[in-house]
Amino acid sequence: MSIHHAPAARPSVELVAASVLDIPFIFGLLQEGSTTGVFSDRYLSSAGIWRSFRSIALACVRNAVRRRRVEGLWLIRGEDADHGFAWVQRTPDEQEVYCIDMISLDQQARGKGLGTAAVMALQQKIGPQASLIALCTPYAKTMRALLRGSGFKRNKQSLVVPDSNHGIDLYHWRHAA
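Overview of the structure. (Residues numbered from 1 in each chain as written. Predicted model: local features only at pLDDT ≥ 70, side-chain atom pairs only at ≥ 80, totals over all residues. Heavy atoms only, no water.)

### What to know about the overall build of the chain
Summing up its helical and strand segments, the chain has four helices and eight strands in all. Seen in sequence order, the chain has helices and strands lined up from the N terminus as β-α-α-β-β-β-α-β-α-β-β-β. Counting only contacts in the chain whose residues sit at least 6 apart along the sequence, the fraction spanning at least 24 positions is 57%. As displayed, the chain offers around 10900 Å² of accessible surface, 55% of which is attributable to carbon and sulfur atoms. (Helix = DSSP H or I, 4+ residues; strand = E, 2+ residues; numbered from the N terminus. Contact = heavy atoms within 4.5 Å. Areas by Shrake-Rupley, 256 points an atom, 1.4 Å probe, with all protein chains shown as cover.)

Encoded structure:
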C-alpha cells in the first residue's frame, strides 16, 4: 500500500506598490543581500549606500505618481506580513521587455515558495506580448534556481560587466505562444 501526499499548496503573495514608508524595510534587505554576497558589494560603500537609498526613494515616489502596472518597486506581501521586494523596470531599448533588477526575501520567508509566487505574480502582471528578463551573478545560486524554476531560460552567452571581469548571466521569460 502506498501513501500519496497531496502537493503542497503554493503560498499566495500580493505585489503591492512600495511607498516611502517602506524604505527602511527595503533598504535593510538590500544591505543584508550585500553582506551575504547576493547583491554586489558596491551597495556597501558609502557612495553605494547613498546611491541605493536615493534610487529606492525615487522609485517609491514614482510608484505614487505613475501607478505603473508592471514597472516599479513592489513589496512581496504574504498572508501575514511583507516578506520582501521586487524591483522591475522597463528596458530602455524595447517596449514590452521588463527587467527584474532585484528581488529579495527576508530570512524567515526563504525556502517557502514565496519567491516563486512573487515571480509568478510578475509574470501574470505583464501582458501577453511582453517578456521578463533578469540579470544574475554567478554567485547567486538561489536566484538562478528561482529563475529556472519559474520558466526562465538562460541565454547561452553571458554579459561582461564594464570595468570588471565579472560575467552576468541573462535569463529570459516570455508567455507561452
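More follows now that the structure is in view.
### Observations concerning the environment of phenylalanine 152
With respect to the helices, strands and loops of the structure, phenylalanine 152 is situated in the loop between helix H4 (141-149) and strand E6 (153-154). In this structure, the C-alpha to C-alpha distance between phenylalanine 152 and leucine 170, residues 18 residues apart in sequence, is 9.5 Å. Look past the residues within four positions of phenylalanine 152 in its chain and what remains in contact with it is Ile100, Val119, Gln123, Leu132, Ile133, Ala134, Leu147, Tyr171, His172 and Trp173.

### What to know about the environment of alanine 57
Considering the arrangement of structural elements, one finds alanine 57 in helix H2 (residues 46-66). You can call alanine 57 partly exposed: its relative accessible area is 21%. For the pair alanine 57 and leucine 21, spaced 36 residues apart in sequence, the C-alpha separation works out to 9.5 Å. (Buried < 20%, exposed > 50% of the residue type's maximum accessible area, 1.4 Å probe, protein only.)

### Remarks on helix H3 (residues 114-125)
The end-to-end C-alpha separation of H3 is 16 Å, in line with the 16 Å expected for twelve residues at 1.5 Å each. Those residues of H3 that fall on the buried side of the exposure criterion are Leu114, Gly115, Thr116, Ala117, Ala118, Val119, Ala121, Leu122 and Gln123. (Expected span 1.5 Å × (residues − 1).)

### Quick notes on a nonpolar patch on the surface
A surface patch of nonpolar side chains, amounting to about 270 Å² of accessible area, comprises Val20, Val61 and Val65. For valine 61, the location among the structural elements is in helix H2. Owing to a relative accessible area of 43%, valine 61 belongs among the partly exposed residues under this scheme. (Patch = residues over 30% accessible without salt bridge, like charges linked within 9 Å, V, L, I, M, F, W, Y side chains within 5 Å. Salt bridge = Lys/Arg side-chain N within 4 Å of Asp/Glu carboxyl O.)

### Let's talk about the nonpolar core
Ranked by size, the top nonpolar core spans 30 residues in total, and within it Ile100, Ile103, Leu122, Leu132 and Phe152 carry the most contacts. Breaking this core down by element, the ones donating at least two residues are strand E2 (72-77), strand E3 (82-90), strand E4 (97-105), H3, strand E5 (131-136), H4 and strand E8 (167-174). Core analysis: the second largest hydrophobic core is formed by 15 residues, Ala18, Phe27, Leu73 and Leu75 among them. (Core = buried A, V, L, I, M, F, W, Y, C linked by side-chain atoms within 4.5 Å.)

### Let's talk about the side chain of arginine 144
Inspection of the secondary structure assignment puts arginine 144 in helix H4. It is aspartate 169 that comes nearest to the buried, bridge-free arginine 144 among opposite-charge side chains, at 5.1 Å. Not counting residues within four places of it along the chain, the set of residues in contact with arginine 144 comprises Cys136, Thr137, Pro138, Tyr139, Asp169 and Tyr171. (Lys, Arg positive; Asp, Glu negative; His and termini not counted.)

### A look at the pattern of salt bridges
The final tally for this structure, using the stated rule, is three salt bridges. Between aspartate 82 and arginine 77 there is a salt bridge, with its nearest N and O atoms 2.6 Å apart. Accessibility expressed as a relative area gives 30% for arginine 77, which makes it partly exposed. Note that arginine 90 is salt-bridged to glutamate 96, the shortest N-O span being 3.9 Å. A residue is classified by how much of its surface remains accessible, and arginine 90, at 28% relative accessible area, is partly exposed. On the accessibility criterion, glutamate 96 (35% relative accessible area) is partly exposed.

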